[in-house]
Amino acid sequence: MHSYDFTLILAFFVLVLLPAPFIGRYLYRVMEGEKTWLSPVLQPVERLCYRIAGVDSNREQDWKTYSLALLAFTLISLLTLFAILMLQGSLPLNPQQLPGLEWTLAFNTAVSFVTNTNWQAYSGEAQMSYFSQMVGLGVQNFVSPAVGLAVLVVFCRGIARRSSNSVGNFWVDLTRATLYGLLPFCLVLALLLVWQGVPQTFLEYVTAHTIGGTDQVVPLGPAASQIAIKQLGTNGGGFFGVNSAHPFENPTAWSNLFEVASIILIPAALLFTFGHYVKDLRQSRALLACMLILFSVGLGGTLYAEHQPNPALAALPIEQSGSLEGKESRFGTTASALWAVTTTAASNGSVNAMHDSFSALGGMIPMFNMMLGEVIFGGVGAGLYGMLLFVLIAVFLAGLMIGRTPEYLGKKLEAREVRLLVATLLVMPVGVLVLGALAASLPGPASSVSNPGAHGFSQILYNYTSGAANNGSAFGGFGANTPYHNLMIGLAMLLGRFGYILPILAIAGSLAAKKRAPVGSNSFPTHGPLFVTLLTLTILLVGGLTFLPALALGPIAEHMTMFQGF
Amino acid sequence: MNARIEPALNSAQQHPKTSIAALWKPALRQAFVKLDPRQLLRSPVMLVVELTAVVTTVLCFIPNPQVSTGLAVQIALWLWFTVLFANFAEALAEGRGKARADSLKAGSQGLNARRKNGQQFETVAASSLRRGDIVRVEAGELIPGDGEVVEGIATVNEAAITGESAPVIRESGGDRSAVTGNTRVVSDWLLVQITANPGESTLDRMIALVEGAKRQKTPNEVALDILLIGLTLIFLLVVATLQPFARFADGDLPLVYLVALLVTLIPTTIGGLLSAIGIAGMDRLVRLNVIAKSGRAVEAAGDVHVLLLDKTGTITFGNRRCSALYKAPGVSGKQLSDATLLASLADDTAEGKSIVEYLRALNTMVEPERSAIKSIAFSAETRLSGADYNGHSYRKGAVDAVLLYLGIERSDVPPVLAREIEKIAQSGGTPLLVAGDGQLLGAIHLKDVVKPGIRERFAELRAMGIRTVMVTGDNPLTAAAIAAEAGVDDVIAEATPEKKLQRIRSEQAEGKMVAMCGDGANDAPALAQADVGLAMNDGTQAAREAANLVDLDSDPTKLLDVVQVGKELLVTRGALTTFSVANDVAKYFAILPALFTGIYPQLGALNLMQLHSPQSAILSAIVFNALIIVALIPLALRGVRVQAADAASLLRRNLLIYGLGGLVAPFVGIKLIDLLLVAVGLV
């Protein structure tokens, strides 16, 4: 590694961590309807939205009504997007005359964008009209992270409120998250990307005459705005098929830095939003420390693995400086590894290199990041609520050891909460192991892999993990666009989204209704190094114990084989 | 005061045999009886283990080229052992509690009662008595059930229940009207209204708490059970999906091995001991002579933020005692002490006796014969008491009364003495004056003496984060003085039942858990409102009904022990859960390489413990998994000791022992078992 590698990593952390406390406070104020400097501009828009939709912004909902509103919104989103994708051939803004999608692919894609996964079994420039991209996918790119943010805020309120039946108003939270939480940041990032050369146009594709004398079609489109929300909203669905490895999506070193940092900009800030809700920023710092530890270990491991020479090539007279296969040479090993770890730590899923071509360990770490349930920063809202679930598990496991029934920030964890927690714990094993085992044992679906043996198994494992974890990144080489995988990965994505959201809303409702016991020297200390260690180990233990056997048969076996010979 | 109060033994009562030596044989038998799946339903994790044991046993008869029958039989045997060990732990815990309860119950068999039927009394079996029945109990008879005295007054020997051999008075009305079944009326007779149906008496409740099959699980235990079921489900999915994954790599995993992996992964350690921990916790309470009406209250005791304690009898001895003498100027110390002793010798009040005790300890004079003293009893008119002896007159009494007797004004009292009197009053004490032959000799300092050791006890509680609030009918000045001396955190002075209830409600509104103890009928609402209410057995039936704990010894400080037991119960559960989950890491490193080396030989590198062979690795993990239950039985029964410390240091300590220990111990244990199995030639 060179000094510029370290500069990139340092710049990344500075860009993410420095603004986090400020953005976090801003988001808290926004979500609770307090005045901010953007209010004069956005408040009239917000009021107009409520008037059109007939929403009484002062009326709060209990958790059940909130969940119903959320589910209704999701269902309508899903059906609308499905219809757009099926009918895009007859819809406007389709200069390339692209036909509608096959129905399983349309279903898969609709689920993918509604669940903030952005798994792409299609290729953008070859199959999506501008209308589908902007009105179909683009809208979901905004509202799906906004839903995540809303659910997180409900969880925060559940912990912060005392003896309260209401947890907020879904329509208000959704509007505020979109309007104040995402739009302004996207505007800034889109402008930065345009400055760096990302296209933003409605013109049709350009045909270029190459020096070789052939014609090449150069796809264009309203890319900058889409890419901004793709990164900031932990969406990850690229405008072009190869995502941020494409020179129009990610033209320069600067655009690469902005894009990779914006993946976890909002997830990192939300930690502080949580701290403001519970009136204790020490909690934010403890969770941040835990996330940073897990992130840094993953980053270190991937960097190490990717900078190793390939032992299979050691005998050849080749000078190796790390593994460059499957990486965009404009970015190189370090920027690719950083992106891979960031995009899988957060449930983003955009890529600037092909994870399938990483070394066995370098590919395993992104996979493991996802298997942990996307809690290392994670998706907008989704990452932190996933992390808070782990906090509750850690508190329940070890909390008894202080001689009190477990409580978190003064809220008792009882049978009801544990039952819901257990439900969320089952999501990843079912989504990854059960659906993965089905895919691996049916001859048709299993033949989608492009490699035999351990690496082929890694492909199945990675892609189902990506779906269940709502990440959306792909382990290339896997023929995902088959009716079976379209439907099953679609199922995994729905499970991974609502298998968390519904129990969390129920937990939040149940916590909000409880009294809050005073926190003192006899309550479970949830800040400080001891708790950070406990939480980190709990996450690794739960993830490790669930997935170690599967990983052993995939990337670990591949790694051992590569380094020990056959 | 820190020592546990062990129940006093009396000769009539057999000491229950609760040592493991006496109990292991019946427990062993019970371990087999409890294999009944209907009983195991209460402990789902162990039910899963039993199912796998059945499956493995069946597999022993189906030849499999990958697994030798010898190994399959050994695995099946150890799986059965795992269930038996867990059953044994529960049976052992039950046995202890039952032995104690049985010894209390002894003698109640075939007991008859004289039930009132109109104007007549008819003889019926005690077991047929219902709530509301009225029975007559004569001297020498056992009271047939819990109840309230509606008529009569009698002395009752409650030794069978409390271990206290001195008989107590029970009478209708007032605060001494409650009687307990199986206690003996020593003199006179009582009409008792029965307040408990068969199966609901104090004793029945006690027995129900220590019987595995009938026991109601406490809320936290239910929550923990759910988590354990969740973990079991996760591992079921992990193991069940391994076969298709292995087949994808053209491998095949023997079912026996997969079953072994499943059992080692699911939380058998805590799953097997959970019930024993709960029963043993209740048994510890029973040994403290506290009866919990539900396990919930014991668990809540661990969570208590605030303790409301009556001053009288809990924090102080309850009556004012002499603590110092102050002499007037010009009077010698001997003159004062002799005069005080003589003035008090014939005084039979508690205060008078305390003065005599105080002076006897100083050994000031040779006491004269009682007959030589002409005692002057306290009269409402003079408000003085004292004695005439050898022609001298000695008097003592309240300040105003003595001044009146001497015919002097308050301002005539020498300033030195006046200052002392002032100080005594300010510190919450009561000053008395002593006069001899019409001359003011000095002052006596009477005060409510704080029990020795109570201050340290409160400091311990404070270290655990529990605040103590003293409840007293005294005026605020006196209350504050005693509070400062005892080291309580807060005081409710001039307390009324409404005031107590109000305080409990306001603490609870802040989310705090409140414990309180009381005995009077007017305590009942507060006892019912408190999260943990401890009633005194010698109190009223109303208080006993309202509270969720009853102390047979009627010792209010027992509340502190209950808190301790509650905490120990929770810590033991938490410690073993953490230990159980942390164990899984080592088990993976034992079994995964054994399973997978057939598919990818390179995965043998995961065999960190360098176990001898795949067969020995799997068997060692199973054996460790079974033996660790046995090894932890003593801890489960005894409970993890809880030091008085803040939560952070408790957590650090327990995480180190049970978390880190749980991570490391199986690595060592499995390796040792592997060496042993290979040495003995079992694999």
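Residues numbered from 1 in each chain as written. Chains lettered and ligands numbered in written order. Predicted model: local features only at pLDDT ≥ 70, side-chain atom pairs only at ≥ 80, totals over all residues. Heavy atoms only, no water.

Looking at an unreviewed UniProt entry, one finds chain B named Potassium-transporting ATPase ATP-binding subunit, with Pseudomonas peli as its source organism. Under the UniProt heading Catalytic activity (unreviewed entry), the note attached to chain B is "K(+)(out) + ATP + H2O = K(+)(in) + ADP + phosphate + H(+)". (UniProt positions renumbered as here; feature names shortened; annotations may be inferred.)

You'll find chain A entered in an unreviewed UniProt entry as Potassium-transporting ATPase potassium-binding subunit, with Pseudomonas peli given as the organism. The UniProt entry for chain A carries the following text under Function (unreviewed entry): "Part of the high-affinity ATP-driven potassium transport (or Kdp) system, which catalyzes the hydrolysis of ATP coupled with the electrogenic transport of potassium into the cytoplasm. This subunit binds the extracellular potassium ions and delivers the ions to the membrane domain of KdpB through an intramembrane tunnel."

(A) Spotlight on the overall build of chain B. Along its length, chain B carries 23 helices and 21 strands. A globule of 683 residues ought to have a C-alpha radius of gyration of about 26 Å, yet chain B, at 33 Å, is considerably larger. Within chain B, the proportion of its 683 residues that are buried is 56%. Restricting the contact set of chain B to residue pairs at least 6 apart, pairs at least 24 apart contribute 69%. In the form shown here, chain B has an accessible surface area of approximately 27300 Å², with 57% of it arising from carbon and sulfur atoms. (Helix = DSSP H or I, 4+ residues; strand = E, 2+ residues; numbered from the N terminus. Rg over C-alpha atoms; globule rule 2.2 N^0.38 Å. Buried < 20%, exposed > 50% of the residue type's maximum accessible area, 1.4 Å probe, protein only. Contact = heavy atoms within 4.5 Å. Areas by Shrake-Rupley, 256 points an atom, 1.4 Å probe, with all protein chains shown as cover.)

(B) Seen up close, the environment of A:Leu193. Looking at the secondary structure, you find A:Leu193 in helix α8 (residues 170-195). With 95 residues separating them along the chain, A:Leu193 and A:Leu288 place their C-alpha atoms 28 Å apart.

(C) Examining the confidence of the model for chain A more closely. When pLDDT is averaged across chain A, the result is 91; 100% of the residues are at 70 or more. No element of chain A has a lower mean pLDDT than helix α6 (residues 124-127) of chain A, at 81, and none a higher one than helix α11 (residues 265-277) of chain A, at 97. (pLDDT = per-residue confidence, 0-100.)

(D) Representation of the interface of chain A and chain B within the structure. At the interface, 60 residues of chain A touch 59 residues of chain B. Taking both partners together, chain A and chain B bury about 5200 Å²; carbon and sulfur atoms supply 78% of that area. If you sort the residues of chain A by the area they bury against chain B, A:Met401, A:Leu545 and A:Leu553 come out on top, with a joint share of 15%. A:Lys412 is paired through a salt bridge with B:Asp303; the nearest N and O atoms lie 3.5 Å apart. Joining chain A to chain B, the criterion identifies nine residue pairs in polar contact (both at pLDDT 80 or more). Within the residue set of the side of chain A that touches chain B, elements represented by two or more residues are α15 (382-399), α16 (415-425), α17 (427-441), α19 (453-468) and α21 (529-564) of chain A. Per-element tally for the side of chain A that touches chain B: the top contributor is α21(A), with 16 residues. For the side of chain A that touches chain B, a count of residues per class yields 40 nonpolar, 14 polar and six charged. (Buried area = accessible area lost by both parts, 1.4 Å probe. Salt bridge = Lys/Arg side-chain N within 4 Å of Asp/Glu carboxyl O. Polar contact = N/O pair within 3.5 Å; in protein donor to acceptor, adjacent residues only side chain to side chain. Nonpolar A, V, L, I, M, F, W, Y, C, P; charged D, E, K, R; others polar.)

(E) Focus on the pairing of strand β4 (residues 147-151) of chain B. Residues and elements named next belong to chain B. Where β4 and strand β7 (residues 178-179) come together, two bridges link them in antiparallel fashion. Bridging from a neighbouring strand, Gly147 pairs with Val179 of β7. The pairing of β4 with strand β8 (residues 184-194) spans four bridges and is antiparallel. Paired with Val149 across the strands is Val192, a residue of β8. (Pairing = 2+ DSSP bridges.)

(F) Structural view of the side chain of B:Ser354. All names here are of chain B. Inspection of the secondary structure assignment puts Ser354 in helix α13 (residues 350-362). A relative accessible area of 5% means that Ser354 is categorised as buried. Separated by 2.9 Å, the side chain of Ser354 and the backbone nitrogen of Cys322 make a polar contact. Excluding residues within four positions of it along the chain, Ser354 makes contact with Arg320, Arg321, Cys322 and Leu446.

(G) Quick peek at the UniProt feature "binding site: ATP" (unreviewed entry) in chain B. All names here are of chain B. Under the present numbering, the feature "binding site: ATP" (unreviewed entry) in UniProt falls on Asp347, Glu351, Phe378, Ser379, Ala380, Glu381, Thr382, Arg383, Leu384, Ser385 and Lys396. Relative to the elements of secondary structure, Asp347 occurs in the loop between α12 (333-344) and α13. Look at Asp347 and you get buried, because its relative accessible area is 15%. Once you skip the residues sitting within four places of it in the chain, Asp347 turns out to touch Gly352, Lys353, Ser385 and Lys396. In this structure Lys396 touches Ala343, Ser344, Asp347, Ile355, Leu384, Ser385, Val402, Leu433, Val434 and Ile444, once residues within four positions along its chain are discounted. Of the polar contacts made by the side chain of Lys396, one reaches the side chain of Asp347; its length is 2.7 Å.

(H) Structural context of the state of the cysteines. Residue and element names in this part refer to chain A. Overall, the coordinates contain zero disulfides over all chains when judged by the stated rule. With no disulfide of its own, Cys186 lies closest to Cys49 among cysteine sulfurs, the gap being 16 Å. We classify Cys186 as buried; its relative accessible area is 5%. (Disulfide = S-S within 2.5 Å.)

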